[in-house]
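# Working through the structure, step by step
This is what each chain is made of:
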Amino acid sequence: MKVGDLIICKETRDVGLLVKIDYNHAEAFGRTGSVYPYRVLNAYGALQWLEQTYIEKGCEVISESW
């Protein structure tokens, strides 16, 4: 996945736009040892950092950026 990709959650069918990838991002919440490198703009207009495992295994690209 890359910045600009439109992604969808396989389980909930929620859609989001991948706006940033930062593997040095330190998230203040979440499971210990989890990495939250993906910044996503969701369908409600909110930005959120999401877990690497969730994005890479639980989501799929529905429209690739150029």
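As a reminder, the structure under discussion sits directly above these lines.
Criteria and cut-off values
- The numbers attached to residues start from 1 for each chain and follow its sequence in the written order.
- Only residues with pLDDT of 70 or above have their local features reported here, since the model is predicted, and side-chain atom pairs are shown and tallied only from 80 upward, although totals for entire chains, interfaces and linings are computed over all residues.
- Computation of side-chain values: all heavy atoms of the structure, hydrogens and water removed.
- When DSSP finds two or more bridges between two strands, those strands count as paired.
- Every helix listed is a DSSP run of H or I at least four residues long, and every strand listed is a run of E at least two residues long, numbered separately from the N terminus.
- Note on geometry: axes are lines fitted to C-alpha atoms, helical ones only across the stretch in contact, with angles between N-to-C directions running from 0 to 180 degrees.

### Thoughts on the sheet that holds strand S3 (residues 38-42)
- Strand order in the open sheet made by the five strands is S4-S3-S2-S1-S5, with antiparallel pairing throughout. Looking at the sheet topology across the chains shown, the edges are occupied by strand S4 (47-50) and strand S5 (59-63). For this sheet, the mean inter-axis angle between neighbouring strands, taken without regard to orientation, is 45°.
- Judged from the five bridges that link them, strand S2 (residues 15-21) and S3 form a sheet pairing that is antiparallel. Directly across from Leu18, in S3, lies its bridge partner Val40.

Shape is all these values report; function is a separate question.
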